[in-house]
Structure formats: C-alpha cells, structure tokens
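So the chains spell out like this:
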Amino acid sequence: MNANAAVTNDYDAERVWRDFPILRREVHGRPLVFLDSAASSQRPASVVAAVERYETYSHANVHRGVYQLSQEATELFEGARERVRRFLNAPDVNEVIFVRGTTEAINLVAQSYARPRLQPGDEILLTALEHHANIVPWQLLAEQTGAVIKVVPMDRRGVIEVDAVSAQLNERTRIVACAHVSNALGTVLPVREIVQRAHARGAVVLVDGAQAVPHQRVDLKALDCDFYAFSAHKMYGPTGIGVLVGRESLLESMPPWQGGGDMILTVTFEKTTYNALPFKFEAGTPNISGAVGMAAAIDYIDSLGIDNIHAHEQRLLAIATGKLQRVPGLTIIGTAPQKASVISFTLDGIHPHDLGTILDAEGVAVRTGHHCAMPVMEFFNVPATARASFACYSRESDIDALIAALGKAREVFG
Ligand SMILES: Cc1ncc(COP(=O)(O)O)c(C=O)c1O
C-alpha cells in the first residue's frame, strides 16, 4: 500500500492490525476489540519506536544550542512541522503552529485573533453539532467581548445544510467555527462551501478538523479556510500535541497568545519584541518528542495511503451500519449521507453506560456518554449514546464481536 497510489482493493486490515502492538492484548481475559478510535486512536509500533529513538538518542532542547544534539533535535522538530505542512498541503510551513491539541488551537484563535477584534453585538456562528472544544472557548469570548453566539441548526439526520449556514450569515458575522466531521454523529460537513459562503460575507472561518484528518484527505489550499485545528492523538500519534494552521496574514496581525521563551526576539524590562512566525505562538519548550511522534504517524498514514484508509473505513461503516440496523431495539443516532466511520446508537431498555460496561466485559471497547457534545444529545433527546468508531486497523471481525456482545447485553437485560 502506498501513499500516493490510487485507491487499491488490496487493503490488508489484518496486516495493519498487526502494526499496533496494543491490539494484541486482552481485557477481562478476552481479546481486545478497540472501537473507540474517535476518542483517541492507538499508535503503531513505528510511532512508539520513533519517540523512543528520539528520547534515547537525540533529546535536547530545540532552537537554543549550537551543539550537535540540540541541532539534531531542532531538525527533527522543524522537520515534523514541514511534514505536517506537506501532509495537509498547507501553503507555508510558517503557518503551522504546534499546540497541545485541537482544544488549545481553538482557544488560541478565540483569544488572540477574535478577542481584540470583536465588538458587542458581533456574531460568532457555530453549528448545532460542535464538540465542547468548539463551543466553550467562544462562550468565554462572548462573555469577554459582548459578542453573540448564533447556531446553525441541523436536521434529524444530523446534517448541516450549506443554505442553513447562509441563512445565519449577516454583516455582523465575524467568525464561523465549525467541525469538519462530527465526533458524536459522524456527519461530514460541507466545509468548502461553508468557507466560500462565509468569505463572501466577510467572515473568517475556523475548521475543527480533529475527526477529519485521520480519515480523509484534507487539502488546506483547496479548502481555503483561515484556521484549521487538529490533534495528533486521533491520527495514530502521541497525546499532548496538535496543530493550528493559520492564514499567514492573520497570524502576523495577531498578538502572541502566551509569553515566555522562544516567542521573543529581544526582552528588556521596558519592551519585548516578538519572534517571527511560527515561533511567536510557541512560548516555552515545546513538545519535541510529540512532534517526532506526530511526524512518524503521518509517515505511517502515508505508507497506507489516506485514500485507502478512507475507503477501508467507509466499507466498515457500511457493513456495521447494516448489521447494527438489524439488532432489535437499536437506533442509530446520526444518519447523514456523508459520514465518517463513527456510529452512535442507543439500545432500548439499556442505559448506554450499562451497555458500555457489558460490552467491556466482552472485550469490546466503545465510548458511552455525551461525547463532549451535550447539545447534540439534547437535540436527539437522549441522555447519552454508545459510539463505535473505526480506524485503519479495524477489521470486519471487530464488527462481528460488537454485534455478538450486543446480543449478550440484550440477554442480560432481556
Ligand atoms: C470534533 C472534535 N473537536 C475537538 C476535540 C478536542 O480534541 P483534543 O481533546 O485533542 O483537544 C475532539 C476530541 O474528541 C473532537 O472530536
């Protein structure tokens, strides 16, 4: 399997599965069936090895030392930045800011881009299916500035129509912040069209790509959004690192987000001058091993081919949807025609948390709860859902294990 190859039909999920050592372990004396990749994916051995190699042989602080080790670490760190740029076809490496994750990226944009600009009555446009990470930073901002939050509604399938976005855009809309893919429902949003409509009204667009980057090709030049945020740990990389890609002209105009080392050029007690992009937004010692792991994760994705991963996951999504629909009493929440490999569901008579516990006893790890999307739960009038999500290493047999475990749950509660 190859990065740039056209979609192939010879995707070998068993081989891919074997690249992930953790998947070989057992839980409760049963083989682990990991179906919670939307929360955090597992890491292949190559990512674990890259991090270990760095920690064992190349660690030093970056950007500071003239000695060899520091230069090696700097090359690895800056190489990772270029790796991210190339993977997403971002225009310029200076637009790639390393942050802790999607959450921090969105907070950075809210506080550094939006806070100085927004006036009372200005509007921030969100959609009804956002993760809390793309709601709460804007609420904090609204409290700080007097700006108002507007929400684009979704339909009963969990679809956000472009026209529904347009209907909410007006001359007060300053920023549109929307998911690329919903973590709770799997809906893929028409982000290209949303960006076009928002730009036509003079609004800036932030796309929360946390659930998109691991599952589909993302081309930032084509997308043309102003900010794009995502996390490494959902794309086979480490926790504690993610990226904000921002339009250079906007980043240049923004004040630093945090102060400290690395983001400065000169400091006196009277005045500080700031470093150039991207360092202006990276105060303090960064997560160097995280960046190394993230680059290795991108190499791994490229070794399979993101289009092959997408095709594989879409196949699993179709199979799993078909099988789950045949489980008596099961309702799938989120039935958009364009979905990523996420299936939220409820089972009559069983609270999702109880369901999760029974499935766990069978070795099947699914997420249960509100998925950090309480407004979505409210919309569908459910307290919580169970959610199965697939990744490059998921296999058809994992779906069968889920279906069998659901059968057990129905017996227990039957
Ligand atoms: C759509 C979406 N946005 C944002 C986040 C937050 O990501 P992180 O916790 O890595 O900052 C998540 C994580 O679940 C997500 O699924």
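Residues numbered from 1 in each chain as written. Predicted model: local features only at pLDDT ≥ 70, side-chain atom pairs only at ≥ 80, totals over all residues. Heavy atoms only, no water.

Q: What's the story with helix 7 (residues 191-200) in this structure? I'm lost.
A: Think of an α-helix as 3.6 residues a turn; residues three or four steps apart then line up on the same face. Those residues of helix 7 lying buried are Val 191, Ile 194, Val 195 and Ala 198. All buried residues of helix 7 fall inside an arc of 100° around its axis, so they share one side. Taken together, the buried residues of helix 7 touch helix 6 (162-168), strand 7 (173-179), strand 8 (204-208) and helix 8 (220-223). Count one or two residues on from helix 7 and you reach Gly 202, which has phi positive near 80°. (Buried < 20%, exposed > 50% of the residue type's maximum accessible area, 1.4 Å probe, protein only. Helix = DSSP H or I, 4+ residues; strand = E, 2+ residues; numbered from the N terminus. Arc of directions from axis to C-beta. Contact = heavy atoms within 4.5 Å.)

Q: Is there a simple way to think about the pairing of strand 5 (residues 123-127) in this case?
A: Across a regular strand the side chains alternate sides, sitting on one face of the sheet and then on the other. The buried fraction of strand 5 is high, at 5 of 5 residues. Residues Glu 123, Leu 125 and Thr 127 of strand 5 are buried on one face, and the alternating residues Ile 124 and Leu 126, pointing to the opposite face, are buried as well. Bridging between strand 5 and strand 6 (residues 148-152) involves 5 bridges; their strand directions are parallel. From the neighbouring strand, Leu 126 faces strand 6, where its bridge partner is Val 151. Taken together, strand 5, helix 5 (residues 136-145) and strand 6 form a β-α-β motif whose crossover is right-handed. Relative to strand 7, strand 5 runs parallel, the two being bridged by 3 bridges. (Pairing = 2+ DSSP bridges. Right-handed = clockwise from strand over helix to strand, strands pointing away.)

Q: What am I meant to see in the site of the ligand here?
A: Around the ligand lies a shell formed by Gly 101, Thr 102, Thr 103, His 131, Ala 133, Asn 183, Asp 208, Ala 210, Gln 211, Ser 231, His 233 and Lys 234. Within the side chain of Asp 208, one N or O atom sits 2.5 Å away from a nitrogen atom of the ligand. A distance of 2.7 Å separates an oxygen atom of the ligand from a polar side-chain atom of His 233. For the ligand, whose free accessible area comes to 390 Å², the fraction covered by protein is 85%. Each residue belonging to the shell around the ligand can be placed in one class, and the counts come to 2 nonpolar, 8 polar and 2 charged. (Near = heavy atom within 4 Å. Polar contact = N/O pair within 3.5 Å; in protein donor to acceptor, adjacent residues only side chain to side chain. Areas by Shrake-Rupley, 256 points an atom, 1.4 Å probe, with all protein chains shown as cover. Nonpolar A, V, L, I, M, F, W, Y, C, P; charged D, E, K, R; others polar.)

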